[in-house]
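Topology and contacts: notes
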Protein chains: 2
Amino acid sequence: MKRPPKASSITVSDVARQAKVSKATAARVLGGYGRVSKTVRAAVLEAAKALDYRPNELARSMTTGRSGSIGVVVGDIENPFFSLAVRGISDAARLSGINVILANSGEQVEAEKSAIRVLMAKQVDGLIVTPAQSGEIAHLVEVAQSGCPLALLDRALPDLDVDTVTVDDRDAALRATRILTRAGHTRIGYVTAAELSGDFCGNESRINTSSVRERILGFLDACREAGIEGAERNIHFGAGRSDRSPAVTHALLDHPERPTAILASDSVVALEVFKAIRECGLRIPQDISLITFHDADWTSVTTPPITVVDQPVYALGKCVAELLVRRLKGDDRPPERIVMPTRIIERMSVGQSPDRQTVP
Amino acid sequence: MKRPPKASSITVSDVARQAKVSKATAARVLGGYGRVSKTVRAAVLEAAKALDYRPNELARSMTTGRSGSIGVVVGDIENPFFSLAVRGISDAARLSGINVILANSGEQVEAEKSAIRVLMAKQVDGLIVTPAQSGEIAHLVEVAQSGCPLALLDRALPDLDVDTVTVDDRDAALRATRILTRAGHTRIGYVTAAELSGDFCGNESRINTSSVRERILGFLDACREAGIEGAERNIHFGAGRSDRSPAVTHALLDHPERPTAILASDSVVALEVFKAIRECGLRIPQDISLITFHDADWTSVTTPPITVVDQPVYALGKCVAELLVRRLKGDDRPPERIVMPTRIIERMSVGQSPDRQTVP
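Cut-offs and rules
- Residues numbered from 1 in each chain as written.
- Chains lettered and ligands numbered in written order.
- Predicted model: local features only at pLDDT ≥ 70, side-chain atom pairs only at ≥ 80, totals over all residues.
- Heavy atoms only, no water.
- Helix = DSSP H or I, 4+ residues; strand = E, 2+ residues; numbered from the N terminus.
- Buried < 20%, exposed > 50% of the residue type's maximum accessible area, 1.4 Å probe, protein only.
- Contact = heavy atoms within 4.5 Å.
- Areas by Shrake-Rupley, 256 points an atom, 1.4 Å probe, with all protein chains shown as cover.
- Lys, Arg positive; Asp, Glu negative; His and termini not counted.
- Charge placed at Lys NZ, Arg CZ, Asp CG, Glu CD.
- Expected span 1.5 Å × (residues − 1).
- Buried area = accessible area lost by both parts, 1.4 Å probe.
- Salt bridge = Lys/Arg side-chain N within 4 Å of Asp/Glu carboxyl O.
- Polar contact = N/O pair within 3.5 Å; in protein donor to acceptor, adjacent residues only side chain to side chain.
- Least-squares fit on C-alpha atoms with pLDDT ≥ 70 in both.
- pLDDT = per-residue confidence, 0-100.
- Pairing = 2+ DSSP bridges.
- Phe/Tyr/Trp six-rings, centres within 6.5 Å; stacked < 30°, edge-to-face > 60°.

Moving on: the overall build of chain A. The number of helices and strands found in chain A is 13 helices and twelve strands. Oriented by its inertia axes, the alpha-carbon framework of chain A measures out at about 90 × 35 × 30 Å. When each of the 360 residues of chain A is scored for burial, the buried share is 56%. For chain A, the proportion of contacts with a sequence separation of at least 24, taken over those separated by at least 6, is 71%. Just so you have it, chain A exposes about 15500 Å², and 50% of that area is on carbon and sulfur atoms. Treating the 45 positive side-chain charges of chain A as one cloud and the 44 negative ones as another, the clouds have centres 8 Å apart.

This is the structure we're talking about:
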């Protein structure tokens, strides 16, 4: 019986040749992404088995006992959301003896591309990414096509069918906004760190990050449900850690028609808003109500403590890492899209609308 | 004239042979660490110049236009101190076209070793580390001896002479504690996340992290200066994000001789202490005063806002990255040990000691 060549030297091309399919098709099957027919999938997997193909360095290293590494590219490592998610990833990876190396995109797609290029050149065994933009993903498609297992954290990409773990962003924003509309608020501002070039004009397809878009849609759903018109005009971009953030929040609060309630897209934005509300001499919740995404440390120690959308951040990281590790071990099931539920923790930062109080 | 071999193939061994010194000596000179005589240094540098030795991949990539990468190993990426320092590092690196890849030790020396092993295997061009332990540094010595430029962030190692950037920890703790002693406090607790196996007993050599040790020494200096006896017994280890942190802080506050003032070693510890003080129904600053290291976001939005030791965290990261980049470009000056000054931001969390108030 003829022995197949050494397993470590078997490539995707070898498998493709043996299965009589294109390299791209073989890569899709072996990388566990994209759609192929059942027959083709079976042929490729049979060829891989016959040649003892090991999908990557890690699978190989697992037999030799050497440990592998995965690369993680997050949007902003200073945002406690991401650093907590990274702990979830690291804990799950450690259980499989896998090291995590991290890079930060600062929500810039060019930096994301550069980070991915570096991590791929360093031959990580798999990648977890929170894509900065859903409009520019050629570099991510390339990773997936190379056969390097890729998973997405917190942000889905409709056009890239890989393992993805997100939260129920749209529903969470809907529920949070409902708390405000039910307290009689009709002037509700939505404040996000996301940048938008030009005006929003209610055109959601201009928003390039899925989690940002989903939350805005949920916010608009709740406003519409409560009969609030023109809520699109109350969406404010560019808050957070950017230089123009103070200008954004102050413009919002100094406006004669200032909102009586604000929903903040993350805890970094919310802290900016909280400080600006104080600086304007306004009181929470008497003058203005506040809810934020992410149960950050500080939200429970302010006076008043802040109502939050509590996302299962640690579990989100743990889950995406477990999916990736499964791929590294050769799992070839179709990609999973997991949506985790959030819950709202009601604290003391929401009051009745002052409009409703003065107009009985 | 005989041309030297291609620059890219020149190794430390080639330089050593040409300079007629040992490989270790040549590595010390070329890596810019350790002590060698002026004559030997000159000989090695002359040999390196004659051979057109380029100290590493990056220097080479700089001529070819490819970008390099540095590895950064921090103690706890969830601590805002480290994530802000990493931003300083990343900004400085980006200016030189260098990518940063990160790993987290979780303050565990075994995880630190593993992270360094991975980053070295990935052939980073240089390393920045916040050593988890000053007692176990063989792996760091090895990095330095390999000729890979290494710099230390936030924590100095007396036995490893490489570029190091720290803050004036001892003096900062002295000044912060003095604010408390001058307000009449005599029962002052110092709370740190550092772990200590067994009892401290005032034996500072048992503390394995330089910044932790220096701060404790500064705290003890100020207590001694104020005539406070047995201050060693008021140092509490293991707070912060550990599982036993609530037990540590509550044991401290439930004690009949509980402190009237607390100095926290970082903002993660301080937040735990702040929450515990609230849970015990104590008031800041009437019942208990609080000062913490690190001007974290939340410290200015609590009621009352917290007095902090403001460390130049961003500058610390920027500075250590600049030193490392200089080495990557071939700088061979002796290692620098830079100590950056801190300042205290006085807010509303320090009051007169209740002991002093009741005993006129």
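This next bit is on helix H9 (residues 210-225) of chain B. All names here are of chain B. In a regular helix each residue adds 1.5 Å, so 16 residues correspond to 22 Å; H9 covers 22 Å between its end C-alpha atoms and thus fits that length. Most of H9 is tucked away: 13 of the 16 residues are buried. The first or second residue beyond H9 is Gly227, which carries a positive phi of 75°.

Taken together, the contact between chain A and chain B spans 28 residues of the former and 28 residues of the latter. In total, about 2500 Å² of surface goes out of reach between chain A and chain B, with carbon and sulfur atoms giving 56% of it. A per-residue breakdown of the area chain A buries against chain B is headed by A:Glu78, A:Lys122 and A:Val301, which together make up 25% of the total. Across the chain A-chain B interface, the total number found is two salt bridges. Note that B:Arg87 and A:Glu78 form a salt bridge whose closest N and O atoms lie 2.1 Å from each other. Here chain A is connected to chain B by 13 residue pairs in polar contact (both at pLDDT 80 or more). Going through the elements one at a time, helix H5 (80-95), strand E2 (99-104), helix H6 (109-121) and helix H11 (267-279) of chain A are the ones with two or more residues in the side of chain A that touches chain B.

Let us now look at the side chain of B:Glu78. Within the secondary structure, B:Glu78 sits in the loop between strand E1 (69-74) and helix H5 (80-95). On the accessibility criterion, B:Glu78 (13% relative accessible area) is buried. With residues near it in sequence (within four places) discarded, B:Glu78 still touches A:Ser83, A:Leu84, A:Arg87 and B:Arg241.

This paragraph deals with the relation of the copies chain A and chain B. For the pair chain A and chain B, the best superposition has an RMSD of 0.1 Å and corresponds to a rotation of 180° with a translation of 0.0 Å parallel to the axis. Interpreted geometrically, this transformation is the action of a two-fold axis. The overlap is high: 100% of the interface residues of chain A also sit at the interface in chain B, so the same surface is used on both sides.

All names here are of chain A. Using the criterion set out here, one finds 50 salt bridges over all chains in the structure. The salt bridge involving Arg337 is made with Asp161; its shortest N-O contact spans 3.4 Å. Note that Arg337 is positioned in strand E11 (residues 337-340) and Asp161 in the loop between strand E4 (150-153) and strand E5 (163-167), a separation of 176 residues in sequence. Taking the relative accessible area as the measure of exposure, Asp161 reaches 25% and is therefore partly exposed. Salt bridges linked by common partners bring Asp163, Arg326, Arg327, Asp331, Arg333 and Glu336 together as one network.

This part is about the confidence of the model for chain A. Residues and elements named next belong to chain A. Summary statistics for chain A give a mean pLDDT of 88 and a share of 91% for residues scoring 70 or more. Here residues 1-7 is a poorly scored stretch, pLDDT under 50, and it has five contacts once near neighbours within four places are set aside; other chains count. Of the regions scoring below 50 in pLDDT, residues 57-66 engages in 15 contacts with residues more than four places distant in sequence or in other chains.

Bringing the sheet that holds strand E7 (residues 235-236) of chain B into the picture now. Residues and elements named next belong to chain B. Across the sheet, which stays open at both edges, the six strands sit in the order E7-E6-E8-E9-E10-E12 with mixed pairing between neighbours. Of all the strands in the sheet, just E7 and strand E12 (343-345) have a single pairing partner and so form its edges. Two strands pair when backbone bridges link them, and strand E6 (residues 188-191) and E7 are joined in this way by two bridges, in the parallel orientation. Looking across to E7, one finds that Val191 is bridged to His236.

Time to look at unusual backbone geometry. Of the consecutive residues A:Thr303 and A:Pro304, the connecting peptide bond is found in the cis state with omega at -10°. Structurally, A:Pro304 is set in the loop between strand E9 (289-293) and strand E10 (307-310). Backbone torsion omega between B:Ile284 and B:Pro285 reads 0°, so that peptide bond is classified as cis. Mapped onto the elements of the fold, B:Pro285 is located in the loop between helix H11 (267-279) and strand E9 (289-293). In the Ramachandran plot, B:Glu107 falls in the positive-phi region, its phi being about 60° despite a non-glycine side chain. Looking at where B:Glu107 falls in the secondary structure, it is placed in the loop between strand E2 (99-104) and helix H6 (109-121). Positive phi values are uncommon outside glycine, yet B:Asp154 reaches one of about 75°. Mapped onto the elements, B:Asp154 comes out in the loop between strand E4 (150-153) and strand E5 (163-167).

Bringing the packing of aromatic side chains into the picture now. All names here are of chain A. Under the criterion given, the structure shown has six aromatic pairs over all chains. With a centroid separation of 5.4 Å and 40° between ring planes, the pair formed by Tyr190 and Phe219 is classed as tilted. Of this pair, Tyr190 sits in strand E6 (residues 188-191) while Phe219 is found in helix H9 (residues 210-225), placing the two residues 29 residues apart along the sequence. Grouping residues by exposure puts Tyr190 and Phe219 together as buried.

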